[in-house]
Amino acid sequence: MKKHIGWVAGTTAAALVAAGAITYAVAEDGGGSGQSAPSADGADAGFARDMAVHHQQAVEMSYLVRDRTKNTDVRRLAYDIAQTQANQRGMLLGWLDLWDLPKVSAKPPMSWMGMGDMPERGDGSLMPGMATDAELAKLGTLNGRQAEIFYLQLMTDHHKGGIHMAEGCVAKCTVEVEKNLAQGMVDAQQSELTTMKQMLKERGAKPRA
């Protein structure tokens, strides 16, 4: 268990080193070398906007739990998720800047996936997997094992929603480097789902659904 989490955390540094190269590659792949930038309503821009919002909440949850527990494994996992997703969020927003496209849209979230009419949970939960404001507030009141379990449950839901969205980009996005990043998100978050399921089991708990 600890070996696996240590490996996950070790990937963060490599991701950060690669960030600049990936951002430059996207500039060349979409909007560079004479190729027109993606459209504002297309999958590339839609994924970049929506996943940036989705990632921001994961970062927030991860820093919340780091203040609520002293457990080394949970703190390492939360730190890796926060660092990785903050880095990816920066790239997504950077690509929108490179493409000279807006970071917000008047259309509902997930419209680029044909899911703009999906029912929302409300209370800050804008897309599948996102926690509500009430759930985030609750996380901020828990400590120790209770905080660990609730965080792992919330992040499990969050990853499932994120994987679904990333798979949508793999299927619909046109910028190759962005598609590759989305596939990397799918692979990494599926691995983390396995880790979190085991961590919940060790605490006598299980995912919420």
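Draft legend 1. Representation of the environment of Leu-139. Residue position: Leu-139 is located in helix α4 (residues 133-139). Residue classification places Leu-139 among the buried positions, given a relative accessible area of 0%. For the pair Leu-139 and Ile-149, spaced 10 residues apart in the sequence, the C-alpha separation amounts to 9.8 Å.

Draft legend 2. Local environment of the nonpolar core. One finds Phe-47, Met-61, Leu-92, Tyr-151 and Met-165 to be the most contacted residues of the largest nonpolar core, which totals 51 residues. Looking at this core, the elements with two or more residues in it are α2 (43-66), α3 (72-98), α4, α5 (144-172) and α6 (176-202). The dominant element in this core, judged by the number of residues it contributes, is α5, at 11 residues. When near neighbours in sequence (up to four residues on either side) are disregarded, Met-165 contacts Phe-47, Asp-50, Met-51, His-54, Met-110, Trp-112, Met-113 and Met-127.

Draft legend 3. Expanded view of the packing of α3 against α6. Close contact between α3 and α6 brings their axes to 12 Å; oriented N to C, the two are set at 165°. The angle between α3 and α6 places the two elements in the roughly antiparallel class. Taken as a pair, α3 and α6 cross one another with a handedness that is left-handed. In this structure, α3 contributes Asp-73, Val-74, Leu-77, Asp-80, Ile-81, Gln-85, Gln-88, Met-91, Leu-92 and Trp-95 to the contact, and α6 contributes Glu-178, Leu-181, Met-185, Gln-189, Glu-192, Met-196 and Met-199. Looking at the contact of α3 with α6, its residues break down into 10 nonpolar, 3 polar and 4 charged.

Draft legend 4. Seen up close, α3. The end-to-end C-alpha distance of α3, which contains 27 residues, comes to 39 Å, matching closely the 39 Å that a straight helix rising 1.5 Å per residue would cover. Looking at where α3 begins, the residue whose side-chain oxygen comes 3.1 Å from the main-chain nitrogen of Asp-73 is Asn-71. Positioned one or two residues after α3, Asp-100 has a phi angle of 55°, which is positive.

Draft legend 5. Here's a closer look at the pattern of salt bridges. Scanning the model with the defined rule gives 6 salt bridges in all. Taking the shortest distance from any N to any O, the salt bridge between Glu-148 and Arg-203 comes out at 2.7 Å. Of the two residues, Glu-148 is situated in helix α5 and Arg-203 in the segment after α6; the sequence distance between them amounts to 55 residues. Residue Glu-148 shares its accessibility class with Arg-203, and that shared class is buried. The partner of Arg-203 in a salt bridge is Glu-202, and the shortest N-O contact between them spans 3.9 Å. Assessed through its relative accessible area of 12%, Arg-203 is described here as buried. One salt-bridge network, held together by shared partners, links Glu-135, Asp-157 and Arg-208.

Draft legend 6. Focus on the packing of aromatic side chains. Enumeration over the complete set of coordinates arrives at 2 aromatic pairs. Measuring from centroid to centroid gives 5.9 Å for Phe-47 and Trp-112, while their planes differ by 80°, and the two rings are edge-to-face. Taken together, the residues Phe-47 in helix α2 and Trp-112 in the loop between α3 and α4 connect sequence positions 65 residues apart. Neither Phe-47 nor Trp-112 differs from the other in exposure class; each is buried. Judged by centre distance (6.4 Å) and plane angle (40°), the rings of Trp-95 and Trp-99 are tilted. With relative accessibility at 0%, the residue Trp-95 sits in the buried group. Cation over ring: Lys-138 sits above Phe-150, and NZ or CZ is 4.5 Å from the ring centre.

Conventions and cut-offs
Residues numbered from 1 in each chain as written. Predicted model: local features only at pLDDT ≥ 70, side-chain atom pairs only at ≥ 80, totals over all residues. Heavy atoms only, no water. Helix = DSSP H or I, 4+ residues; strand = E, 2+ residues; numbered from the N terminus. Buried < 20%, exposed > 50% of the residue type's maximum accessible area, 1.4 Å probe, protein only. Core = buried A, V, L, I, M, F, W, Y, C linked by side-chain atoms within 4.5 Å. Contact = heavy atoms within 4.5 Å. Axes fitted to C-alpha atoms, helices over the stretch in contact; angles between N-to-C directions. Parallel < 35°, antiparallel > 145°, perpendicular 65-115°, else oblique. Left-handed = near helix turned anticlockwise from the far one by under 90°. Nonpolar A, V, L, I, M, F, W, Y, C, P; charged D, E, K, R; others polar. Expected span 1.5 Å × (residues − 1). Polar contact = N/O pair within 3.5 Å; in protein donor to acceptor, adjacent residues only side chain to side chain. Salt bridge = Lys/Arg side-chain N within 4 Å of Asp/Glu carboxyl O. Phe/Tyr/Trp six-rings, centres within 6.5 Å; stacked < 30°, edge-to-face > 60°. Lys NZ or Arg CZ within 6 Å of the ring centre and 35° of its normal.

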